[in-house]
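An overview of the molecular structure
Listed below, chain by chain, are the residues.
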Amino acid sequence: MLQQNILDQLKQFIDTVSNGHSNPQLLTKPSLIKVALGFLDELPATRDIVFDYFGILAEIGVQLYISPEMMDQKTGLPVSQMKQEGNPHQQMRAEEYESFNMVKTSLQNLIWKGPPAWSPLIANWSLELVAKLSDKYTQRRMTIPASCNYWLECSAMHGLLTLINSCFRKLSNSEAETCVETMLSAFHRYPMTFDWIVARLGGCFPYKIIMQILQCGIKRFVDDYRCHLDSEAGILDYMTSCHEQQLRAAFCEMLKDGLAPKKPLDVAIVPFLLITTNYSDAILQSLVNVFIDIYTDDMCDAIVQKAPLWLSNKMFADMQPSLNNAVLRLNQHGAKLLLMVAKLAEKYVWCQEFLDTSMQELEQWVLNMRTFPLLGDLASEKTKYMLWKSCLSTNLLEQQTAVRLLLVVSSQHPHIYYQTISQLLRKSYAQNPNTIGALMRLLGGQSGVLNFPNITQGFKMVLEDITLQEQVNNRLPVEPGTPTEAYNTFYNLNLLTKMHKKNQFPHTKPQLLTQSLNECLPKIIQILDCTIQKLLLRMDKVAAELSAEKFKKQQANNNNHETMQDLYNGNGPVKRPKLEEGEVTQTDETPDAARMRLAHLIVELLNNIEAGTRCTVLRTPLVLKLAVLSVKYFFVGLSETTVIRRAAAAHRAYALLQRQCSARKIARTVCLRELVESALFYHGHLLGQLEEYELDELKIPEHELLIVQNLHTSSGSNSNRSVLHSGVIGRGLRPVLPINNRSCDAEKQALYLKALNACCMDMEKPNNVEGYSLVSLTLVELVSTDVMYNGLPFPDEEFTRVTMERDMQIRRAFITSPVLWAVLGLIATHRPALCYSSVLLRALCATCLHHWRGKNVNKFQPTSANDELMLCTKKLLQLLAIGQLIPPPLSNLHTIIEHFEAPEIAVLLRECIWNYLKDHVPSPALFHVDNNGLHWRNTSQVKVLPQYVDTLRHLMQKKLSKLGPHYHQMFIMSDLHISSTVPAIAEPTAVMPKSSIEVVELE
């Protein structure tokens, strides 16, 4: 039997609660709360009354929370119990406001320490109470995060949610299902005000809550497609931050059901999910992530088949614009989604329309300088590499979509634009030529965007990378035959510049590509320098190895004349094919062959962009470096294995040399000097130069060198004999150079002469001989070893004894470098440039004269027409005739000189040639300029004095049986021509040998 005091307490409690609605202070007394809490243990039957009382206490706390008197006067927001300071009235009501805390603490003890039956009871009561209070006292519509922040500041609401959370942890599975149903039932009854509670408590059962919310939303959507899904979307959006994996799992299951519908509601899943994405970017991102993960090619067919069912929903049929806007809201996988649609655009029209609309809207946002989440996705490293890969796709829609996306992100991130140019330039487009369209479109930039990045920085970036690759030899191994990135880059640049010249490049501004590449000229020249230097080292190494092997064999047989003749192929000259095999040993698979192709491409690019013209501003060091590299490239091109390749390389060098030399005099000076100097000292083996032995090949100690021994003698006839010695006593003879019938390769000689001609030509002044005069002066500087006696006049014959050693060195230079004859022949055709080489002509004439005199010792020694002395004499006379330095009939002497004996030749050279040149100094003053700007010396109407021609006349009269026709032409016809009264001169007879000089040069 119950005690009487408990019954009295119960009666008093009921009276107080019944009459205390108008007096909240009476209801919130701690004593009354303790009595009510005691009833839960002693009188279980009274729990409904007690829980109603607890609900009243919670409602009092909520009323105080939202009442104006509990508002912060500064902010207008409710003041929680922790912030009630300074306001006396608020402090008086604090006891009422915090009264529910005692209830929360006691109920939590029951949940954790009491019987398990309390947990579902308290949970259901708390859910119902929270739903009613939230619905009753919510004054305006708020978002879920705002609602959570607002209500969790209330002590009573925070306590109720704490109790619910504690109960959920103690429930069994069946009890949890019941509580979830209760919570969703409350959500159905109060969808606008209970959503924040579901979102807040959903973390206890995230997957169940998410699935139930989705199912509820689908049912509402099917019943009324115009319904608002703010609550469902808000709950899902709130749970995305902490339970994204469960949300993805729910979306994955829903999508599978939607793409393979088995129930009537499954048809509405896809439209519902897509419409839900309009409410939240987080939901959209999660749905796209799931779609990307589960997408397959078969799924596309399923989408096409199910599309008519989805389009039956009128709201879904009109939502394409919102779907287009959805792509811009993605932080991840937005670019991947667009590329997936681009791959299907060729097959499905709706994909193409979706793609076009999305890209247009995206570009419009960029033009309006608006920011959007998709920019972050486009700027990520993973997306960047994916777009670069799509730029090389054979699918044109995918390719152009990737390019447009890169242009969009480049407007905000210029470094991506530069990196993209660098990446695409280094790719090979040989297998799929159409893929270079991506590079062309990219270089065009984004029209309409202010301050869009310039392509110059992109070119500089790729050229800098290639420079590092070419300078570092330890690169990653690649398959043989695979083109290098440097090769691909310059191949693509050449292709672009050619298309730009042909106006097949509509995306870029006129001259933009050429100007940008000219700005990058220092980098291009640096790469060319690195490439050429490696090729030259290899070429010189091969030539040195061949020369060393040859002289090693020759040294072993230097005293056996017959063996030497066999060594030089019987008749003297070494076969050129053998030398060419040593010059170029690489095949197309070797690194040297790849490096050679790279050099060709770089020079071709320099020609395409017209590097070195007057309109291009270049610093002097760069001008000099480009000039030197142009000449080095020409000699590298001569080492090519086939005639066609050599000709192609030479023509590239011609264009480069001519453009530089026409624009700047300093470039012409450097180019001509490098051409002559390289042909004489560095790369003469390419032009038939006889190889000189190295000092160490004779194994002569340094202190025994004759040049060192001569330093001990300051004067005397033997003070300087270093160039005349034949060997070293105890060491053997010096290897004898093969001089019989040795001439340079006709093809390479012609290419070399064209290179000189390209440097000397002046397109604005066709008859300008300044360049050829410079070549003549350079020859004197490089061939003549003495700075004295280099003037134009021919001295007395006796004076030649003073310059004999120097003259023999000059003669030896013409023997070892046959190309010198060809160069002098080129100079002679451009009068009066040959006059500046008077010292060379004088040295040749003096040595020939002394050698012909020496043959008087043995009068019975026959003179061969192919003898080196005879050939030298004939070539000398030809040069003098072509340069109009000797008049008729002496100008025809080279055609008959071989019919005279050695003493007669010596007399002719002394009496006719030497004396004439001594008295008529070969000076440019002898030439006058005609109306066409040509330098000419009129010798046909001037009768030559008898002392210069009588010797020749008498010697020819002794041999009229052989030289009768020549005598008639040289003397009879010449005298008749001079005695005639013809006022004008058509063409001097000195021009006749012009064609024959080439034959002699090319022998």
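Residues numbered from 1 in each chain as written. Predicted model: local features only at pLDDT ≥ 70, side-chain atom pairs only at ≥ 80, totals over all residues. Heavy atoms only, no water.

**Things to note about the pattern of salt bridges**
Counted according to the given criterion, the structure contains 23 salt bridges. Ionic pairing is found between Lys-136 and Glu-59, a salt bridge with its closest N-O pair at 2.6 Å. Placement of the pair is Lys-136 in helix α8 (residues 118-137) and Glu-59 in helix α4 (residues 47-66), with a sequence separation of 77 residues. Of the charged contacts, one joins Glu-604 and Lys-498 as a salt bridge, the two residues approaching to 2.6 Å between their closest N and O atoms. Pair noted here: Glu-604 is in helix α34 (residues 591-608) and Lys-498 is in helix α29 (residues 485-501), with a separation of 106 residues, a long-range link. (Salt bridge = Lys/Arg side-chain N within 4 Å of Asp/Glu carboxyl O. Helix = DSSP H or I, 4+ residues; strand = E, 2+ residues; numbered from the N terminus.)

**Section: a positive patch on the surface**
A contiguous patch of positive charge, built from Lys-336, Lys-343, Lys-382 and Lys-389, is present on the exposed surface. Taken together, the elements giving at least two residues each to the positive patch come down to α21 (334-345) and α24 (381-390). Tracing the sequence through the fold places Lys-389 in helix α24. (Patch = residues over 30% accessible without salt bridge, like charges linked within 9 Å, V, L, I, M, F, W, Y side chains within 5 Å. Areas by Shrake-Rupley, 256 points an atom, 1.4 Å probe, with all protein chains shown as cover. Lys, Arg positive; Asp, Glu negative; His and termini not counted. Charge placed at Lys NZ, Arg CZ, Asp CG, Glu CD.)

**Brief notes about the nonpolar core**
One finds Phe-54, Phe-634, Tyr-752 and Leu-952 to be the most contacted residues of the largest nonpolar core, which totals 293 residues. With twelve residues, the single largest contributor to this core is α4. Look past the residues within four positions of Tyr-752 in its chain and what remains in contact with it is Phe-634, Phe-635, Leu-675, Val-676, Ala-679, Leu-687, Val-819 and Val-823. (Core = buried A, V, L, I, M, F, W, Y, C linked by side-chain atoms within 4.5 Å. Buried < 20%, exposed > 50% of the residue type's maximum accessible area, 1.4 Å probe, protein only. Contact = heavy atoms within 4.5 Å.)

**Some details on the side chain of Gln-285**
Topologically, Gln-285 is positioned in helix α17 (residues 281-294). With relative accessibility at 9%, the residue Gln-285 sits in the buried group.

**Overview of helix α41 (residues 804-816)**
A rise of 1.5 Å per residue sets the reference length of α41, with its 13 residues, at 18 Å; its end C-alpha atoms lie 18 Å apart and thus fit the reference within 8%. Along α41, the positions that sit buried rather than exposed are Arg-806, Asp-807, Ile-810, Arg-811, Ala-813, Phe-814, Ile-815 and Thr-816. Looking at the buried positions of α41, the neighbouring elements they touch are α40 (770-783), α42 (819-828), α43 (838-854) and α44 (868-882). (Expected span 1.5 Å × (residues − 1).)

**Focus on α40**
For α40, spanning 14 residues, the distance from its first C-alpha to its last is 20 Å, which sits close to the expected 20 Å at 1.5 Å a residue. Judged by how many residues are buried, α40 sits mostly within the fold: ten of 14 residues are covered. For α40, the set of buried residues is Gly-771, Tyr-772, Ser-773, Val-775, Ser-776, Thr-778, Leu-779, Val-780, Leu-782 and Val-783. Buried residues belonging to α40 abut α37 (665-682), α39 (746-760), α41, α42 and α43.

**Things to note about the environment of Phe-168**
Along the chain, Phe-168 turns up in helix α10 (residues 155-170). A relative accessible area of 5% means that Phe-168 is categorised as buried. Along the backbone, Phe-168 and Leu-201 are 33 residues apart, and their C-alpha atoms lie at a distance of 9.2 Å. In this structure Phe-168 touches Ala-123, Leu-127, Cys-179, Leu-201, Cys-204 and Phe-205, once residues within four positions along its chain are discounted.

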